[in-house]
Amino acid sequence: MTFYAEAKRLREDSRPAETTPFPLPPRAAPEAKTPDPAPAAQPSWFGRLLRRPLFLAAVVVPNVASVLYFGVIAAPVYTSTAALMVLNPKQNGPSLSSLLSGASGDSSEQGGYILKEYFASWDAFRKVETPLALAENFGKGDPIGRFGGVATGFRTNDVALWRYFQKQVDVKIDQKSGIVALNVSAWDAAYATRLTKVLLAAAIAHMDAMNAQQQGDFLKSAVARKAAIEAALRSDLAALAQFRNQTGTYDPKELYLSNLALMNSLTMKATELKSQGQALSAATPNNPQVENLASATRSVRQDIATTAKSFPAMARSSSRYEKLLVSRDNNITLLGQANLALQEAQAAAEKNRYYLNVISSPSEPQTPEGPERLMWIGGVLLATLLLWGLIR
């Protein structure tokens, strides 16, 4: 059996191989089909956004921070409000420009701006800094909004406290009525009310001091000039009184006129006596009346000579008297002008005087007005979404 099998194999190996007209490559054995894997779950659009760093930085982080701060960290803010008006009774006439612009038209609006500048001034700050312990009370809030925190760049000097104080004191002016609304914010309700009252008292005192200063500026020169003229007039009156005591004459001019009239009458009398004596001597040479008339004539001429000797002294005293009299009359005229100027200065000072009227006293808040948490959170959300819409 083995021999036959071996012979058959040899015959098959010696047989020529069959050829084909187009040889083809051998076919590969078909692979076994494997089932398709299940598709992976695709992330949502919000999940895809969360994988973007820019979205996290522009939207997620700011909103998380705003919710964390305004929802948890932010301390309540209390606001005390007062209403007041600054008036000037001498300046209440409306102007054309104020009527066209819709403003109040009187001095109340201008006085309101004066008050606003005062509340923001260093002077007002210094008057309340130490008595009300601003640094201590403004530093009681949350770490971000309080004095000495993030809001002030962690600075605690006096300038930083002044700037922080300016932000807590808000002054609003109604353009039509001129009413000033003073809003003072603090971390404590009682402290906000107290600070508002002290600021109002300081504003009233400052307004009074400003009125006194303006009145002094207007009246100082007029009062000084009036005082100088009054002093000069008193000196002239004293000099006149001394002159009259020394000379024994009230008015040298009247004395001069009186002596001049006396000389005229004495001269006429001497002439008359001389004429009578000459006529009598011619008619009756040995008449004893002739000697009497001659004696009377000599007496009258002596009186004329005595009176004539007083004229140079009267002229000198009269010139001095006239000088004193002119100075007195001139100072009386100047004093009248000074009184008129003083009245005008007083009117100008009254025209620039302001009066502060408190319409409503400072309120005592029981409920905090800030921070406006929902508004800030919604505002941050809207702003970040708009920012994302622009940069994506």
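Presented here is a report on the structure given in the accompanying data block.

Basis of the calculations
- Residues numbered from 1 in each chain as written.
- Predicted model: local features only at pLDDT ≥ 70, side-chain atom pairs only at ≥ 80, totals over all residues.
- Heavy atoms only, no water.
- Helix = DSSP H or I, 4+ residues; strand = E, 2+ residues; numbered from the N terminus.
- Buried < 20%, exposed > 50% of the residue type's maximum accessible area, 1.4 Å probe, protein only.
- Contact = heavy atoms within 4.5 Å.
- Areas by Shrake-Rupley, 256 points an atom, 1.4 Å probe, with all protein chains shown as cover.
- Pairing = 2+ DSSP bridges.
- Axes fitted to C-alpha atoms, helices over the stretch in contact; angles between N-to-C directions.
- Polar contact = N/O pair within 3.5 Å; in protein donor to acceptor, adjacent residues only side chain to side chain.
- Salt bridge = Lys/Arg side-chain N within 4 Å of Asp/Glu carboxyl O.
- Parallel < 35°, antiparallel > 145°, perpendicular 65-115°, else oblique.
- Nonpolar A, V, L, I, M, F, W, Y, C, P; charged D, E, K, R; others polar.
- Core = buried A, V, L, I, M, F, W, Y, C linked by side-chain atoms within 4.5 Å.

When you go through the chain residue by residue, the secondary structure sums to 12 helices and four strands. Going through the 392 residues of the chain one by one, you find that 31% of them count as buried. Taking the contacts inside the chain whose residues are at least 6 apart along the sequence as the reference set, 77% of them involve residues at least 24 apart. Approximately 25600 Å² of the chain is accessible, and the part contributed by carbon and sulfur atoms is 60%.

Turning our eyes to something else, we now look at the environment of alanine 58. Position of alanine 58 among the secondary structure elements: in helix H3 (residues 53-73). Between the C-alpha atoms of alanine 58 and leucine 386, which are 328 residues apart in sequence, the distance is 9.9 Å. Setting aside anything within four residues of it in sequence, one finds alanine 58 in contact with Thr384, Leu387 and Ile391.

Read across the open sheet, the four strands follow the order E2-E3-E1-E4; overall the sheet is antiparallel. Whereas interior strands pair on both sides, the edge strands pair on one side only; in this sheet they are strand E2 (169-173) and strand E4 (355-360). Sheet twist, expressed as the mean angle between neighbouring strand axes with direction ignored, is 30°. As paired strands, E2 and strand E3 (residues 180-186) are joined by five bridges and run antiparallel to one another. Looking across to E3, one finds that valine 171 is bridged to leucine 182.

For the rest of this paragraph, the subject is the environment of serine 121. Of note, serine 121 is situated in the loop between helix H5 (107-119) and helix H6 (122-129). On the accessibility criterion, serine 121 (18% relative accessible area) is buried. C-alpha separation for the pair serine 121 and tryptophan 162, spaced 41 residues apart in sequence, amounts to 8.8 Å. Of the polar contacts made by the side chain of serine 121, one reaches the backbone oxygen of tyrosine 118; its length is 2.5 Å.

Taking burial as the measure, the 10 residues of strand E1 (residues 78-87) include eight buried ones, the bulk of the element. Here E1 pairs with E4 via five bridges, running antiparallel. The partner of valine 86 across the bridge, within E4, is leucine 356.

Here we take up the pattern of salt bridges. With the rule as written, the count across this model stands at three salt bridges. In this structure, arginine 126 engages glutamate 129 in a salt bridge whose closest nitrogen and oxygen atoms are separated by 2.6 Å. Here arginine 126 and its partner glutamate 129 are both found in helix H6, three residues apart, which amounts to about one turn of the helix. According to the relative accessible area criterion, arginine 126 is partly exposed, its value standing at 42%. On the accessibility criterion, glutamate 129 (16% relative accessible area) is buried.

Glancing now at the pairing of E2. Every second residue of E2 is oriented toward a common face, the buried set being Val169, Val171 and Ile173 and the non-buried set Asp170 and Lys172. Between E2 and E3, which pair antiparallel one after the other, the connecting turn spans six residues, and glycine 178 there sits at a positive phi close to 80°.

This paragraph deals with the packing of H3 against helix H12 (residues 373-391). Relative orientation of the contacting elements H3 and H12 amounts to 175°, with a least axis distance of 9 Å. Put simply, H3 runs roughly antiparallel to H12. Taking contact as the criterion, the partners of Leu54, Phe55, Ala58, Val59, Pro62, Asn63, Ser66, Val67, Phe70 and Gly71 in H3 are, on H12, Arg373, Trp376, Ile377, Val380, Leu381, Thr384, Leu385, Leu387, Trp388 and Ile391.

For the pair H6 and helix H8 (residues 158-168), interaxial distance at closest approach is 10 Å and the crossing angle is 105°. Judged on the interaxial angle alone, H8 and H6 are roughly perpendicular. In this structure, H6 uses Trp122, Phe125, Val128 and Glu129 to contact H8, whose residues at the interface are Asp158, Leu161, Trp162 and Phe165. For the contact of H6 with H8, the per-class residue count stands at six nonpolar, no polar and two charged.

Right, let's talk about unusual backbone geometry for a bit. Between glycine 370 and the following residue, proline 371, the backbone shows a cis peptide bond with an omega angle of -5°. When you line up the elements, proline 371 lands in the loop between E4 and H12. Within the chain, alanine 133 stands out as a residue other than glycine whose phi angle is a positive 50°. Relative to the helices and strands, alanine 133 resides in the loop between H6 and helix H7 (134-138). Despite not being glycine, phenylalanine 154 shows a phi value in the positive range, around 60°. Relative to the assigned elements, phenylalanine 154 resides in the loop between H7 and H8.

Turning next to the nonpolar core. One finds Leu115, Phe119, Leu134, Phe138, Phe165 and Leu195 to be the most contacted residues of the largest nonpolar core, which totals 38 residues. Looking at this core, the elements that each hand over two or more residues are E1, H5, H6, H7, H8, E2, E3 and helix H9 (189-247). The greatest single-element share of this core, amounting to nine residues, is contributed by H9. Filtering out sequence-adjacent residues up to four positions away, phenylalanine 119 remains in contact with Ala124, Phe165, Val169, Val171, Leu182, Leu199 and Ala203. Leu240, Phe243, Leu324 and Leu325 belong to the second-largest nonpolar core, a separate cluster that totals five residues.

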